[in-house]
Amino acid sequence: MPSVDDVTIIGGGPVGLFGLYHAHLRQLNARLIDSLPELGGQVMALYPEKAIFDVGGFPKVTGRELVELLAEQSIKENATVCLGEKVTDLVREGEHWRLSTSQGTYLTRAVVIAAGLGAFNPRKLGIPGEAELSGRGVQYFVRTLQALYGKRVLVVGGGDSAIDWANTLIPHAEVRVVHNLPKWQAHEEAVRRLYQSGIPIGQPWELREIQGGDRVEAAVIGPVGSDRSETVAVDEILICIGFSTDLGPIKGWGLPIRAGQIQVDWGMKTPLDGVFAAGDVATYPGKTKLIALGFGEVGMAIDSAVHYLFPEQRITTKHSSDRGF
Ligand SMILES: Cc1cc2nc3c(=O)[nH]c(=O)nc-3n(C[C@H](O)[C@H](O)[C@H](O)COP(=O)(O)OP(=O)(O)OC[C@H]3O[C@@H](n4cnc5c(N)ncnc54)[C@H](O)[C@@H]3O)c2cc1C
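Here the structure is a predicted model, which is why all the values come from computation and not from measurement.

Draft legend 1. The arrangement of the pattern of salt bridges in detail. By the definition in use, this model includes eleven salt bridges. Between Arg109 and Asp6 there is a salt bridge, and its shortest N-O distance comes to 3.5 Å. Of this pair, Arg109 sits in strand β8 (residues 105-113) while Asp6 is found in strand β1 (residues 4-10), placing the two residues 103 residues apart along the sequence. On the basis of relative accessibility, which here comes to 28%, the residue Arg109 falls in the partly exposed class. Through salt bridges with shared partners, a single ionic network connects Lys151, Arg215 and Glu236.

Draft legend 2. Representation of helix α4 (residues 160-169). Residues of α4 that are buried include every one of Ala162, Ile163, Trp165, Ala166, Asn167 and Leu169, and no others. Tucked inside the fold, the buried residues of α4 contact α2 (41-46), β11 (152-156), β12 (174-178), α5 (188-197) and β17 (236-239).

Draft legend 3. Structural context of the packing of aromatic side chains. Taken as a whole and assessed by the stated rule, the structure comprises four aromatic pairs. Ring centres 5.6 Å apart and planes at 10° place the aromatic pair Phe18 and Tyr21 in the stacked group. Pair noted here: Phe18 and Tyr21 are both in helix α1 (residues 14-25), with a separation of three residues, about one helical turn. Judged by relative accessible area, which is 14%, Phe18 ranks as buried. Arranged with centres 4.8 Å apart and planes meeting at 50°, the rings of Phe18 and Phe295 form a pair that is tilted. Within this pair, whereas Phe18 is found in helix α1, its partner Phe295 is found in helix α6 (residues 291-309), the two being separated by 277 residues in sequence.

Draft legend 4. A look at the pairing of strand β2 (residues 30-34). Within β2, five of the five residues are buried, leaving the element largely enclosed by the surrounding structure. Two elements, β1 and β2, share four bridges in a ladder whose sense is parallel. If you follow Thr8 over to β2, its bridge partner there is Arg31. For the segment spanning β1, α1 and β2, crossover handedness is right-handed.

Draft legend 5. Here's a closer look at the site of the ligand. Lining the immediate environment of the ligand, one finds 31 residues, of which Asp34, Gln42, Tyr47, Val87 and Asp280 sit closest. A distance of 2.6 Å is found between an oxygen atom of the ligand and a side-chain nitrogen or oxygen belonging to Asp34. Separating an oxygen atom of the ligand from a backbone N or O atom of Ile291 is a distance of 2.9 Å. A total of 1,000 Å² of accessible area belongs to the ligand in isolation, and the protein chains cover 88% of it.

Draft legend 6. Structural view of the domain arrangement of the protein chain. Split into domains, the protein chain comes out as domain 1 (4-120 + 244-323) and domain 2 (124-241). Counting residues at the interface gives ten residues for domain 1, matched by eight residues for domain 2. Between domain 1 and domain 2, roughly 680 Å² of surface is buried when both sides are summed, and carbon and sulfur atoms account for 51% of that area. Of all residues in domain 1, the largest losses of buried area upon contact with domain 2 belong to Leu46, Glu49 and Lys50, amounting jointly to 60% of the total for that side.

Thresholds applied
Residues numbered from 1 in each chain as written. Predicted model: local features only at pLDDT ≥ 70, side-chain atom pairs only at ≥ 80, totals over all residues. Heavy atoms only, no water. Salt bridge = Lys/Arg side-chain N within 4 Å of Asp/Glu carboxyl O. Helix = DSSP H or I, 4+ residues; strand = E, 2+ residues; numbered from the N terminus. Buried < 20%, exposed > 50% of the residue type's maximum accessible area, 1.4 Å probe, protein only. Contact = heavy atoms within 4.5 Å. Phe/Tyr/Trp six-rings, centres within 6.5 Å; stacked < 30°, edge-to-face > 60°. Pairing = 2+ DSSP bridges. Right-handed = clockwise from strand over helix to strand, strands pointing away. Near = heavy atom within 4 Å. Polar contact = N/O pair within 3.5 Å; in protein donor to acceptor, adjacent residues only side chain to side chain. Areas by Shrake-Rupley, 256 points an atom, 1.4 Å probe, with all protein chains shown as cover. Domains from an automatic or database assignment. Buried area = accessible area lost by both parts, 1.4 Å probe.

Structural data, given as structure tokens:
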């Protein structure tokens, strides 16, 4: 029979990663599985270069730095990390759970679901040239800010993400913004800073076509509702018009799910034996979706898993400072 892990964590965002740390603290064999090719969940996929100010102990830390530090803190011996594997099925088999992924199957005694918002996909414009030049100048997430330095960047969108990226890039790149609605959806102060910068802003303007060969070369933009259009030379187009999320297969596992979140009790338990949830995917009265809160929740989820796995053991507080890790 294949080996059975003590606990499997579904999701390698900040919460799932910190769950690995707690599993180590409680001396459990743990496996973490994420469908994305890299760790960090929303933080790495959506805002790796943005500064985060509300994680205790870090006055200011970028998303990337936080994830790197979490990985250093959490991935120890007794932990296995499987990336690029989507968990598709969760089936009870006697005393354990069988997890099927896009790559294979794993047996585990307990499961912590830290799947965040589920798999997320950026919204697209569906205009000529967009699909063809995606990844070759057209991007939906900023992977490395420095890669855009010195470039002509067109930012598309009027929400927080679009305006934050435009403001962050303005000192380093030749930035232009188009937004197709008459109102901005971003924070007022951020919009004020955008206008103060003096960069070209089209509102309500739309991006109509992306032109190029091997890479993006130009963008055709124009005022909404008018035939007038301009072709502007650009190197990079950053499309920030939101993303859609989907829990996908998790919805079929018999869990109580409301508005994309799994309902849990005070110990982060779901009604399924040995299955717990933490982070953005979990909900209870008063829930907020924050990294710091998810860190506490996943500690509770792992403690509940220990109690489930070893009911005879009394679960006492473990101080990491006493244990030296
Ligand atoms: C623009 C932006 C700014 C933010 N700023 C802050 C901030 O300043 N402070 C703060 O506290 N919070 C902030 N947040 C919220 C914060 O990012 C989330 O609360 C946090 O990422 C939740 O972590 P998580 O691990 O629960 O989920 P996620 O980060 O969403 O990670 C979940 C992971 O699960 C994986 N997954 C999902 N389904 C499966 C499956 N079936 N199989 C395998 N893997 C799966 C996904 O690929 C993903 O990697 C911000 C969010 C956004 C979008």
